[in-house]
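Breakdown of the fold
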Amino acid sequence: MKAAVLFSGGKDSSLAAILLSTWYEVELNTFLLSQDTNISAVRKAAESLGFPHHVREFRKELLCEMADLIIREGFPNNAIQQVHREAIRCLSGEYEVVA
């Protein structure tokens, strides 16, 4: 069974992928707010782990919605949570397991 890992290229998401690979066929998923983002370090980290790596782009409106939320609330916590929820929502249609 495949498991999607939300992959930032950092230690936490790398460790999650490695641990899950004991039981699942892991696929790394990196979400971008813009295709212009330089993710060479993320790609290099994914390559070193050896799992399939998918780069996805959020819907265009999300960045403005989250900026408005941060301005309205005065802090980023809920916007960050909303971005994570959006990524999980996107992946849950393709994978039974999302980490």
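The structure contained in this document is the topic of the report that follows.

What counts and how
- Residues numbered from 1 in each chain as written.
- Predicted model: local features only at pLDDT ≥ 70, side-chain atom pairs only at ≥ 80, totals over all residues.
- Heavy atoms only, no water.
- Helix = DSSP H or I, 4+ residues; strand = E, 2+ residues; numbered from the N terminus.
- Areas by Shrake-Rupley, 256 points an atom, 1.4 Å probe, with all protein chains shown as cover.
- Lys, Arg positive; Asp, Glu negative; His and termini not counted.
- Charge placed at Lys NZ, Arg CZ, Asp CG, Glu CD.
- 1 Å grid on protein atoms, 1.4 Å probe; cavity = no way out; pocket = protein on both sides within 12 Å on 5 of 7 lines; lining within 4 Å.
- Points joined across faces, edges and corners; volume = space filled by probe spheres on them.
- Nonpolar A, V, L, I, M, F, W, Y, C, P; charged D, E, K, R; others polar.
- Buried < 20%, exposed > 50% of the residue type's maximum accessible area, 1.4 Å probe, protein only.
- Arc of directions from axis to C-beta.
- Contact = heavy atoms within 4.5 Å.
- Phe/Tyr/Trp six-rings, centres within 6.5 Å; stacked < 30°, edge-to-face > 60°.
- Pairing = 2+ DSSP bridges.
- Right-handed = clockwise from strand over helix to strand, strands pointing away.

**Description of the overall build of the protein**
When helices and strands are counted, the protein shows 4 helices and 4 strands. Its helices and strands taken in sequence order, the protein reads β-α-β-α-β-α-α-β from the N to the C terminus. Expressed as lengths along the three principal axes of its C-alpha atoms, the size of the protein is roughly 45 × 30 × 20 Å. Summed over its atoms, the accessible surface of the protein is roughly 6400 Å², and 55% of this surface lies on carbon and sulfur atoms. Separation between the mean location of the 10 positive side-chain charges and that of the 13 negative ones in the protein comes to 2 Å.

**A short note on the layout of surface pockets**
Volume-wise, the largest pocket comes out at about 280 Å³. Residue lining of the largest pocket: 14 residues in total, with Phe7, Phe31, Phe58, Val83 and His84 positioned closest to the centre. Of all the secondary structure elements, the ones that give two or more residues to the lining of the largest pocket are strand E2 (25-32) and helix H4 (77-92). It is E2 that provides the largest number of residues to the lining of the largest pocket, a total of 4 residues. In terms of residue class, the lining of the largest pocket is made up of 9 nonpolar, 5 polar and no charged.

**Observations regarding helix H1 (residues 11-20)**
All buried positions along H1 are accounted for by Ser13, Ser14, Ala17 and Leu20. All buried residues of H1 fall inside an arc of 135 degrees around its axis, so they share one side. For H1, the exposed residues lying more than 90 degrees away from the buried face are Lys11 and Asp12. The secondary structure elements touched by the buried residues of H1 are strand E1 (2-6), E2 and helix H2 (40-49).

**A look at the packing of aromatic side chains**
Applying the stated criterion across every chain yields a total of 1 aromatic pair. When the ring of phenylalanine 31 is compared with that of phenylalanine 58, the centres are 4.8 Å apart and the planes differ by 25 degrees; the resulting orientation is stacked. In this pair, phenylalanine 31 is assigned in strand E2 and phenylalanine 58 in the loop between strand E3 (53-57) and helix H3 (61-73), connecting sequence segments 27 residues apart. Taking the relative accessible area as the measure of exposure, phenylalanine 58 reaches 6% and is therefore buried.

**A word on the pairing of E1**
Successive residues of a regular strand alternate their side chains across the two faces of the sheet. In this structure, E1 lies alongside E2, joined through 5 bridges in parallel fashion. Within E2, the residue paired with alanine 3 across the bridge is valine 26. A crossover connection joins E1 to the parallel E2 through H1; in handedness this β-α-β unit is right-handed. Where E1 lies against strand E4 (residues 97-98), 2 bridges are found, and the strand directions are parallel. Its bridge partner being in E4, alanine 4 is matched across the sheet by valine 98.

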